[in-house]
Amino acid sequence: MIGHLRLGFLFVIIALFASLLFLLNQDGHAPLLAPESASVRAPDYVLEDFSAIRTDENDAGYRMLLGKKMVHYPDDDSAELEQPRLITIEPGKPPVQLKADHARMSAEGEDIYLSGNVVIVRNAGKGRGETILTTSLLHLIPDQDIARTDKPVEIIETNATIRAIGMEMNNRTGTTQLLSQVKVVHDKQR
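For the structure given in this document, a descriptive report is provided here. What you see is a predicted model; the values in this text were computed from it and never measured.

Reading the values: rules and limits
- Residues numbered from 1 in each chain as written.
- Predicted model: local features only at pLDDT ≥ 70, side-chain atom pairs only at ≥ 80, totals over all residues.
- Heavy atoms only, no water.
- Helix = DSSP H or I, 4+ residues; strand = E, 2+ residues; numbered from the N terminus.
- Buried < 20%, exposed > 50% of the residue type's maximum accessible area, 1.4 Å probe, protein only.
- Areas by Shrake-Rupley, 256 points an atom, 1.4 Å probe, with all protein chains shown as cover.
- Phe/Tyr/Trp six-rings, centres within 6.5 Å; stacked < 30°, edge-to-face > 60°.
- Lys NZ or Arg CZ within 6 Å of the ring centre and 35° of its normal.
- Salt bridge = Lys/Arg side-chain N within 4 Å of Asp/Glu carboxyl O.
- Core = buried A, V, L, I, M, F, W, Y, C linked by side-chain atoms within 4.5 Å.
- Polar contact = N/O pair within 3.5 Å; in protein donor to acceptor, adjacent residues only side chain to side chain.
- Pairing = 2+ DSSP bridges.

## What about the overall build of the chain?
In terms of regular secondary structure, the chain is built from one helix and 12 strands. What you see in the chain, going N to C, is helices and strands ordered as β-α-β-β-β-β-β-β-β-β-β-β-β. By the burial criterion, 41% of the 190 residues in the chain qualify as buried. In the structure as shown, the chain presents an accessible area of about 10,100 Å², 50% of it carried by carbon and sulfur atoms.

## A few points about unusual backbone geometry
With a phi angle near 45°, Asp49 is a residue other than glycine that sits in the positive phi range. Considering the arrangement of structural elements, one finds Asp49 in strand β2 (residues 45-55). The exposure class assigned to Asp49 is exposed, which follows from its relative accessible area of 67%. Residue Asn117 is not a glycine yet carries a positive backbone phi of 50°. Accessibility expressed as a relative area gives 54% for Asn117, which makes it exposed.

## A word on the environment of Lys93
Within the secondary structure, Lys93 is located in the loop between β5 (85-89) and β6 (96-99). Note: C-alpha distance between Lys93 and Arg122 (29 residues apart in sequence) is 9.3 Å.

## Points about the packing of aromatic side chains
Evaluated as defined, the whole model comprises zero aromatic pairs. For Arg41, the ring lying beneath its charged end belongs to Tyr73, and the centroid distance is 3.9 Å. Here the guanidinium or amino end of Arg104 rests over the ring plane of Tyr113, the centre of that ring lying 5.3 Å away.

## Notes on the environment of Met169
With respect to the helices, strands and loops of the structure, Met169 is situated in strand β11 (residues 160-170). Separated by 29 residues in the primary sequence, Met169 and Leu140 have C-alpha atoms spaced 9.6 Å apart.

## A few points about the pattern of salt bridges
Per the counting criterion, the structure on display carries five salt bridges. The residue Asp76 makes a salt bridge to Arg41 at a minimum N-O spacing of 2.8 Å. Separated by 35 residues along the polypeptide, Asp76 in the loop between β3 (62-73) and β4 (78-82) and Arg41 in the loop between α1 (9-23) and β2 bring together distant segments of the chain. By relative accessible area, Asp76 is classed as buried at 4%. Salt-bridge contacts for Glu154 lead to Arg163; the nearest nitrogen and oxygen are separated by 2.7 Å. Each of Arg41, Asp75, Asp76 and Glu80 takes part in salt bridges that share partners, so that together they form one network.

## Remarks on the nonpolar core
Side chains that are nonpolar tend, in soluble globular proteins, to be buried together. Grouped together as the largest cluster of nonpolar side chains are 26 residues, with contacts concentrated most on Leu81, Leu114, Leu138 and Met167. Mapped onto this core, the elements with two or more residues apiece are β3, β4, β6, β7 (102-105), β8 (112-122), β9 (131-141), β10 (146-157) and β11.

## Observations concerning the side chain of His72
By secondary structure assignment, the location of His72 is in strand β3. Only 2.9 Å separates the side chain of His72 from the side chain of Asp77, close enough to count as a polar contact.

## Comments concerning the pairing of β10
The pairing of β9 with β10 spans seven bridges and is classified as antiparallel. Residue pairing in the sheet places Thr135 in a bridge with Val153 of β10. Where β9 hands over to β10, the hairpin turn is made up of four residues, of which Asp145 adopts a positive phi near 55°. In the sheet, β10 pairs with β11 via 10 bridges, with the strands oriented antiparallel. Residue pairing for β11: Glu157 is matched across the bridge by Ala160. What sits between the antiparallel neighbours β10 and β11 is a turn of two residues.

Now the structure itself:
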């Protein structure tokens, strides 16, 4: 089922995670994340209880990334985050907050995997109510403006709750495809 859900706020999150890597002085020549193996990887740095703020050119908006721990691996230029929390404020757009138990980012943020209790909240604004998206795993592909999961997803808006197994959002086309077992409950009284 292809729905034209206005969940573009996810792609704000994509840009935020990708921009974090610029704060880390990446060189951009490493391959994508390799599958986890039994070998021990050695990090080149670890940040604990960290926060980073990035403002736009006019200081009108900002992005704040907080986390319990970030570990950077030089062998593939990837980073792993524990309890990442992202807050974005942009002029003319509702604030967006994201949290997950874990995140893995490939070099330059080509692939970002959010896992464990992934929750994205877009605050109410411009005639729309608050939107909350929850899932257990979300794969973000910033260069293609795509977010996808093959796990259960729930989207709660002011008057509707949407549940499905699997989702692919394409911000370039403005479409969201819910892949299977789609259920929509519309509540006019909410």
